[in-house]
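Structural description and commentary
Residues per chain are reported as follows:
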Amino acid sequence: MLESETEKFNCAHKQRFSNLNSAGERNTAYVLLLTVVTMVVEIVAGTVYGSMALLADGWHMGTHAAAFLITLFAYRYARQNANSSKFSYGTGKVTVLGGYTSAIALGLVALVMLVESATRILNPHEIIFNQAIFVAIIGLTVNVASVFLLKDHHGHSHGHEHEHSHGCTYGHDHSHSHGHDHNLRAAYFHVLADALTSVLAIIALLMGKYYGLNWLDPLMGIVGGIIISRWAWGLLKQTGPVLLDASIEQEYIEQVVAVLEHDGTRVADTHIWKVSADHYAASFVLESKTGLDSVDYKAKIAHFERLSHVTLEVNLSPEAQ
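Residues numbered from 1 in each chain as written. Predicted model: local features only at pLDDT ≥ 70, side-chain atom pairs only at ≥ 80, totals over all residues. Heavy atoms only, no water.

1. What about the pattern of salt bridges?
Taken as a whole and assessed by the stated rule, the structure comprises six salt bridges. Close ionic contact of Lys93 with Asp245 constitutes a salt bridge, the shortest N to O distance being 2.2 Å. Of this pair, Lys93 sits in helix H4 (residues 92-122) while Asp245 sits in the loop between helix H7 (216-243) and helix H8 (250-260), and the two are 152 residues apart along the sequence. Given a relative accessible area of 39%, Asp245 falls into the partly exposed group. The partner of Glu287 in a salt bridge is Arg266, with the nearest N and O atoms 3.1 Å apart. Taken together, the residues span a long stretch of sequence, with Glu287 in strand S4 (residues 280-288) and Arg266 in strand S3 (residues 266-274) at a distance of 21 residues. Take Glu287: its relative accessible area is 23%, and that puts it in the partly exposed class. Arg266 sits in the partly exposed class, given a relative accessible area of 44%. Taken together, the shared-partner salt bridges connect Glu25, Arg76 and Arg79 into one network. (Salt bridge = Lys/Arg side-chain N within 4 Å of Asp/Glu carboxyl O. Helix = DSSP H or I, 4+ residues; strand = E, 2+ residues; numbered from the N terminus. Buried < 20%, exposed > 50% of the residue type's maximum accessible area, 1.4 Å probe, protein only.)

2. Examining the packing of aromatic side chains
Under the defined criterion, the tally for this structure stands at six aromatic pairs. Pairing Tyr77 with Phe87 gives two aromatic rings, centres 6.2 Å apart and planes at 90°, and the pair type is edge-to-face. With Tyr77 in helix H3 (residues 52-80) and Phe87 in the loop between H3 and H4, this residue pair connects regions lying 10 residues apart in the sequence. Connected via pairs of aromatic rings, a cluster forms that spans Phe73, Tyr77 and Phe87. Arg306 extends its terminal NZ or CZ atom over the ring of Tyr252, reaching a point 4.9 Å from the ring centre. (Phe/Tyr/Trp six-rings, centres within 6.5 Å; stacked < 30°, edge-to-face > 60°. Lys NZ or Arg CZ within 6 Å of the ring centre and 35° of its normal.)

3. Let's talk about the environment of Leu307
With respect to the element layout, Leu307 can be found in strand S5 (residues 307-316). Take Leu307: its relative accessible area is 0%, and that puts it in the buried class. For Leu307 and Trp273, which are 34 residues apart along the polypeptide, the C-alpha to C-alpha distance reads 9.2 Å.

4. Considerations on the confidence of the model for the protein
Across the protein, the average pLDDT comes to 81, with 81% of residues at or above 70. Of all the helices and strands in the protein, helix H1 (residues 5-12) carries the lowest mean pLDDT, 42, while H8 carries the highest, 95. Low pLDDT (under 50) marks residues 1-14, which in the prediction has 32 contacts with non-local residues, meaning those over four places away or in another chain. A low-confidence stretch, residues 155-178 (pLDDT under 50), is modelled with 88 contacts involving residues beyond four sequence positions or located in other chains. (pLDDT = per-residue confidence, 0-100. Contact = heavy atoms within 4.5 Å.)

5. Let's talk about the packing of H4 against helix H6 (residues 182-211)
Remark: H4 packs on H6, axes separated minimally by 7 Å, with the N-to-C direction vectors making an angle of 20°. When the interaxial angle is binned, H4 and H6 end up roughly parallel. In terms of crossing hand, the pair formed by H4 and H6 is left-handed. Counting all contacts with H4, which are made through Thr95, Val96, Gly98, Gly99, Ser102, Ala105, Leu106 and Met113, the residues of H6 involved are His182, Asn183, Ala186, Phe189, His190, Ala193 and Thr197. (Axes fitted to C-alpha atoms, helices over the stretch in contact; angles between N-to-C directions. Parallel < 35°, antiparallel > 145°, perpendicular 65-115°, else oblique. Left-handed = near helix turned anticlockwise from the far one by under 90°.)

6. Notes on the nonpolar core
Counting residues in hydrophobic clusters, the biggest one holds 23 residues, and the most contacted among them are Phe68, Leu106, Leu150, Val191 and Ile228. When contributions to this core are tallied by element, the ones reaching two or more residues are helix H2 (22-49), H3, H4, helix H5 (129-151), H6 and H7. Looking at this core, the element that brings in the most residues is H6, giving seven residues. If we ignore the near neighbours within four places in the chain, the residues touching Phe68 are Thr28, Val31, Leu32, Thr35, Ala187, His190 and Val191. Membership of the second largest hydrophobic core comes to 19 residues, among which are Tyr252, Val267, Ala282 and Val314. (Core = buried A, V, L, I, M, F, W, Y, C linked by side-chain atoms within 4.5 Å.)

7. Points about the sheet that holds S4
Overall, mixed pairing links the three strands, which are arranged S3-S4-S5 in an open sheet. Lying at the two open borders of the sheet, with one neighbouring strand each, are S3 and S5. Direction aside, the axes of adjacent strands within the sheet are offset by 10° on average. Note: S4 against S5, nine bridges, orientation parallel. Its bridge partner being in S5, Tyr280 is matched across the sheet by Leu307. (Pairing = 2+ DSSP bridges.)

8. Section: the pairing of S3
By the bridge criterion, eight bridges tie S3 to S4 in an arrangement that is antiparallel. Among the inter-strand pairings, Val267 is bridged to a residue of S4, identified as Leu286. Adjacent in sequence and paired antiparallel, S3 and S4 are bridged by five residues.

9. Some points on H6
The first and last C-alpha atoms of H6 sit 42 Å apart over 30 residues, in line with the 44 Å expected at 1.5 Å per residue. In this structure Asp181 caps H6, since a side-chain oxygen of it lies 3.2 Å from the backbone nitrogen of Asn183. Trailing H6 by a residue or two, Gly212 shows a phi angle of about 75°, which is positive. (Expected span 1.5 Å × (residues − 1). Polar contact = N/O pair within 3.5 Å; in protein donor to acceptor, adjacent residues only side chain to side chain.)

Encoded structure:
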């Protein structure tokens, strides 16, 4: 006996697994505004006063502003299309894609830092310490404020949209109060990276100014680049599998299959994959000897809360005919 194809179609289009984080979106907009204002001030001041340090930091702020624009675009696109029939499982992966893209940008920033620092070790530049320290303090102040705006939300996404229509014979209705927001996490790492860079720069510049240790400036740049590279790689490892429909852990699959096969049923085919940062979909093809239908089997695995959407195809085993 097969589950109704019409029912599958209707239910599939009434479920949406979208991570909507209104607080994260709002705070990212504040951080973007703060970053753009600082960028404009530094570029104008650098142009008027002929300061390369101010100009360089201003354009550096611009790279982070671009990353925040990616974050905001992902949020708004996900929210505006959360109920669109164009997305079978909603827009949960849109913000994950935003995080993945920002992680690549973060990695490029780290690469530029490493190359520039290595170049300055080989070809030392004259450092105007007072001006450079002033610029670093401005950057640190802006980024500390940005870190505080994003830090309370970078690990959690509030207000998940996880809709189920009444009458569907499969799927689980679980409420999630917290989830992974890779999009905001990427923005948080951008401001954290900039804050770290400013702290390391201030330490190196003070040591250079008072003790003549000018080589510490490019060395701190290398240290910062390595740390930021690790953050970027970690974020890529978190978001990449979601975008590639990575399966759930093999142990978890075996536990679900064991429950389904407890009465002699054979699980002929199994797929469990991510449809958002926090939701898994699952499909099973079963050969049953008992005459149970999809509703019965769904009830058997209802306690597996990580499975947000379950589709079951139940066939009568040849042994039962």
